[in-house]
Amino acid sequence: MDEQWRERHINMFGEWLSKTWPQLQAHVKLPFMSAATFIMGEHPSLNKITSQLQFYEDLLTAVNLNIKLDGSSTVGHVNEFGVFLSLHHSKELSRESGGFDKYAMGAVNINGRGVINYRKKLTDQINKALKSKFDLGSITWIVDRPKPTGLARKHWQETPVAYLTLRSKDPAVDKIPEIIIEMDFNDGQGQVVLPVRSNIIRLSSQSSDYQLRPYENTKLEMVLDSRGAHEGKLSLEIQMTG
């Protein structure tokens, strides 16, 4: 193709890409724009897309998924151990996003996108990241939570999401790998879904001894409901705090 026509067609393609991305669904925007820059490089016709990708990168510096062991990093491979899963984020981002409680919830009706089961989406990501090395015992979602707590980092907060119980599948397991949570943000043209990555936790699974999990000031409360006893039905509610 003649060089003049070649450049014209490249410009037309770049302009089409730049006009198209704002109309895409939230979860398609990032891969679409990333593919555009991979194909076109730093072509001037993609300036708007390049600027938008930089905006996404800036957003991702204001939030991360945090994994923290509940106790010692010597977890062994005999019994389960606990893991705290939370979001660390700037106060400003939390305020602009309306908080992050929804990521521990089931069906949430999102304007313009219908009902989204955030809990299932994150469960799938947890299983994807951990299933080859760990048995997942349980996930306790932190739904009825207090307000986000402050962190040592200035103007940053922590929002609890879930508590996991895991067991290493064999003594060779030496880390909890990266977990990804897909988060929604407003990008000025609507909603966008961005992948927020966790830290990686080093641990030791070599011990075959039973590992005691830490506890302090533990209180156990049991409530027996006998209202259905005449039908042969009883319910026992057990709640432990500490």
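Below you will find a few notes about this structure. Every chain begins its residue count from 1, and numbering advances along the sequence as written. Only residues with pLDDT of at least 70 are given local features in this predicted model, and only at 80 or more are side-chain atom pairs given and counted; all residues enter the totals for whole chains, interfaces and linings. Note that the side-chain values use all heavy atoms of the structure and ignore hydrogens as well as water.

### Here's the deal with unusual backbone geometry
With the exception of glycine, most residues fall at negative phi, and the peptide bonds are largely trans. Not every positive phi belongs to a glycine, and H155 is a case in point at roughly 65°. Per the convention used, a helix needs a DSSP run of H or I reaching at least four residues, while a strand needs a run of E reaching at least two, with both numbered from the N terminus. Structurally, H155 can be placed in the loop between β6 (149-150) and β7 (156-168). We call a residue buried when its accessible area falls under 20% of the maximum for its residue type, exposed when it is over 50%, and partly exposed in between, using a 1.4 Å probe and counting protein chains only. Relative accessible area serves as the criterion here: at 53%, H155 is assigned to the exposed category.

### A closer look at helix α3 (residues 47-60)
By this rule the span expected of a helix is its residue count minus one, scaled by 1.5 Å. For α3, built from 14 residues, the straight-helix expectation of 20 Å at 1.5 Å per residue is met to within 8% by its first-to-last C-alpha distance of 20 Å. Of all the positions in α3, only I49, Q52, L53, Y56 and L59 are classed as buried. Projected onto a plane normal to the axis of α3, the buried residues spread over an arc of 110° and lie on a single side. Directions drawn from the helix axis to the C-beta atoms are what define this arc.

### Digging into the environment of V75
Checked against the element boundaries, V75 lands in the loop between β1 (63-70) and β2 (81-90). Note on V75: relative accessible area 3%, which makes it buried. Taking the C-alpha atoms as reference, V75 lies 50 Å from N47; in sequence the two are 28 residues apart.

### Here we look at the pairing of β1
Of all eight residues in β1, six are buried; the element is thus mostly enclosed. Strands qualify as paired when DSSP identifies two bridges or more between them. Pairing analysis gives eight bridges linking β1 to β2, with the strands arranged antiparallel. Bridge assignment links K68 to a residue of β2, and that residue is F84.

### Quick notes on a nonpolar patch on the surface
Surface patches are defined over residues having more than 30% relative accessible area and no salt bridge, joining like charges when they lie within 9 Å and nonpolar side chains (Val, Leu, Ile, Met, Phe, Trp, Tyr) when within 5 Å. Every accessible area reported is derived by Shrake-Rupley at a probe size of 1.4 Å, with residue values counting cover from the shown protein chains alone. Criterion for a salt bridge: a side-chain nitrogen of Lys or Arg within 4 Å of a carboxyl oxygen of Asp or Glu. The grouping of L220, M222, L224, L234, L236, I238 and M240 at the surface amounts to a nonpolar patch, some 800 Å² of accessible area in total. Going through the elements one at a time, β12 (219-225) and β13 (235-241) are the ones with two or more residues in the nonpolar patch. Mapped onto the elements of the fold, L224 is located in strand β12.

### A few points about the pattern of salt bridges
This model, assessed by the stated rule, comprises eight salt bridges. Residue K29 is joined to D187 by a salt bridge in which the shortest nitrogen-to-oxygen separation is 3.1 Å. Of the two residues, K29 is situated in helix α2 (residues 29-40) and D187 in the loop between β9 (180-186) and β10 (191-197); the sequence distance between them amounts to 158 residues. The two residues K29 and D187 agree in class, both being buried.

### Focus: helix α5 (residues 118-130)
The first and last C-alpha atoms of α5 sit 18 Å apart over 13 residues, in line with the 18 Å expected at 1.5 Å per residue. Pairs of N or O atoms within 3.5 Å make up the polar contacts considered here, provided that, within protein, one atom can donate a hydrogen while the other can accept it, and that residues adjacent in sequence are counted only when both atoms are side-chain atoms. In this structure N117 caps α5, since a side-chain oxygen of it lies 3.3 Å from the backbone nitrogen of R119.

### Some words on the packing of α2 against α3
For helices, the fitted line uses only the C-alpha atoms of the stretch in contact; every axis is such a line through C-alpha atoms, and the angle between N-to-C directions lies from 0 to 180 degrees. Their axes nearest at 10 Å, the elements α2 and α3 cross at an angle of 130°. By the angle class used here, α2 and α3 are oblique. At the point where α2 passes α3, the crossing takes the left-handed sense. Seen from α2, the contacting residues are K29, L30, M33, S34, A36 and T37; seen from α3, they are I49, Q52, L53 and Y56. Under the convention adopted here, Pro, Cys and the residues Ala, Val, Leu, Ile, Met, Phe, Trp and Tyr are nonpolar, Asp, Glu, Lys and Arg are charged, and Gly plus all remaining residues are polar. By residue class, the composition of the contact of α2 with α3 is six nonpolar, three polar and one charged. Oblique is the label for any angle not under 35 degrees, not over 145, and not in the 65 to 115 range, which are roughly parallel, roughly antiparallel and roughly perpendicular in turn. Whether a crossing is left-handed or right-handed is set by the direction in which the near helix is turned from the far one by less than a right angle, anticlockwise for left-handed and clockwise for right-handed. Note on contacts: a residue pair qualifies if any of its non-hydrogen atoms lie within 4.5 Å across the two residues.

### Here we look at the environment of R119
You can see R119 is positioned in helix α5. In this structure the C-alpha to C-alpha distance between R119 and A104, which are 15 residues apart in sequence, comes to 5.4 Å.

### Brief notes about the side chain of H89
Here H89 is to be found in strand β2. Given a relative accessible area of 0%, H89 falls into the buried group.

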